[in-house]
Amino acid sequence: MTQPEEGAAQVPVTPSDTAGGARHSGKFEAAPKLKRTRVSGTWIAVIVALIVLVFLLVFILQNQDTATVHFLGMSGSMPLAVAMLFSVIAGGVLVALVGGARILQLRKQAKKSRHQLR
């Protein structure tokens, strides 16, 4: 900051009045928030999924050692990362099936409740 010139009047710095005589609070007014939409949520989900897929690809490429897998009396050999990927997919399918069954159960219960209210 520069020094004032000699002979210049020094004016104290105070919050100035705004139009209408109201005092300025010194805070900025926030812009109105934008609503989140399904498209924006989907866009974020796609970006997160792509990041996860990149990490998954790196994991698979770094774990190419062969592993022997035994399941229900069958056995075979495959890369360790692929075996782990199959187990994660199987777990996800199992969770989806249980979750889907629960959703159907709740929908049926809600439908039954609506019919009883009529």
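- The name given to the protein chain in an unreviewed UniProt entry is Lipopolysaccharide assembly protein A domain-containing protein, with Amycolatopsis lurida NRRL 2430 as the source organism.

**Topic: the overall build of the protein chain**
Step number 1: From N to C terminus, the protein chain includes two helices and two strands.
Step number 2: For the protein chain, the N- to C-terminal ordering of α and β elements is α-β-β-α.
Step number 3: Buried residues in the protein chain amount to 3% of all 118 residues.
Step number 4: Considering only intrachain contacts with a sequence separation of at least 6, the fraction spanning at least 24 residues in the protein chain is 9%.

**Structural notes on the UniProt feature "transmembrane region" (unreviewed entry) in the protein chain**
Step number 1: Under the present numbering, the feature "transmembrane region" (unreviewed entry) in UniProt falls on residues 43-61 and 81-104.
Step number 2: Between the C-alpha atoms that bound residues 43-61 the distance is 27 Å, and the span itself is 100% helix and 0% strand.
Step number 3: When the span residues 81-104 is considered, its composition is 100% helix and 0% strand, and the gap between its end C-alpha atoms is 34 Å.

**Things to note about the pairing of strand β1 (residues 66-71)**
Step number 1: Direction of pairing for β1 relative to strand β2 (residues 74-79): antiparallel, over a ladder of six bridges. When the sheet's bridge partners are listed, Thr68 is paired in β2 with Ser77.

**Some words on the pairing of β2**
Along a regular strand, successive side chains alternate from one face of the sheet to the other.
Step number 1: Across the six residues that make up β2, only a small minority, zero, are buried.
Step number 2: Hairpin connection between β1 and β2: a loop of two residues separates the two successive antiparallel strands, and Leu72 in this loop has a positive phi of roughly 50°.

**Brief notes about the packing of helix α1 (residues 38-62) against helix α2 (residues 80-117)**
The relative placement of two packed helices is expressed as an angle between their axes plus a distance between the axes.
Step number 1: Relative orientation of the contacting elements α1 and α2 amounts to 140°, with a least axis distance of 7 Å. Considering their axes alone, α1 and α2 lie oblique with respect to each other. Facing Leu56, Phe59 and Ile60 of α1, the residues of α2 in contact are Ala81, Met84 and Leu85.
Step number 2: Its residues placed into classes, the contact of α1 with α2 shows six nonpolar, no polar and no charged.

**Focus: a nonpolar patch on the surface**
Step number 1: Taken together, the side chains of Trp43, Ile47, Ile51 and Phe55 define a hydrophobic patch exposed on the protein surface, amounting to about 480 Å² of accessible area.
Step number 2: Topologically, Ile47 is positioned in helix α1.
Step number 3: Residue Ile47 is classed as partly exposed on the basis of its relative accessible area of 37%.

What counts, and at which threshold
- Residues numbered from 1 in each chain as written.
- Predicted model: local features only at pLDDT ≥ 70, side-chain atom pairs only at ≥ 80, totals over all residues.
- Heavy atoms only, no water.
- Helix = DSSP H or I, 4+ residues; strand = E, 2+ residues; numbered from the N terminus.
- Buried < 20%, exposed > 50% of the residue type's maximum accessible area, 1.4 Å probe, protein only.
- Contact = heavy atoms within 4.5 Å.
- UniProt positions renumbered as here; feature names shortened; annotations may be inferred.
- Pairing = 2+ DSSP bridges.
- Axes fitted to C-alpha atoms, helices over the stretch in contact; angles between N-to-C directions.
- Parallel < 35°, antiparallel > 145°, perpendicular 65-115°, else oblique.
- Nonpolar A, V, L, I, M, F, W, Y, C, P; charged D, E, K, R; others polar.
- Patch = residues over 30% accessible without salt bridge, like charges linked within 9 Å, V, L, I, M, F, W, Y side chains within 5 Å.
- Areas by Shrake-Rupley, 256 points an atom, 1.4 Å probe, with all protein chains shown as cover.
- Salt bridge = Lys/Arg side-chain N within 4 Å of Asp/Glu carboxyl O.

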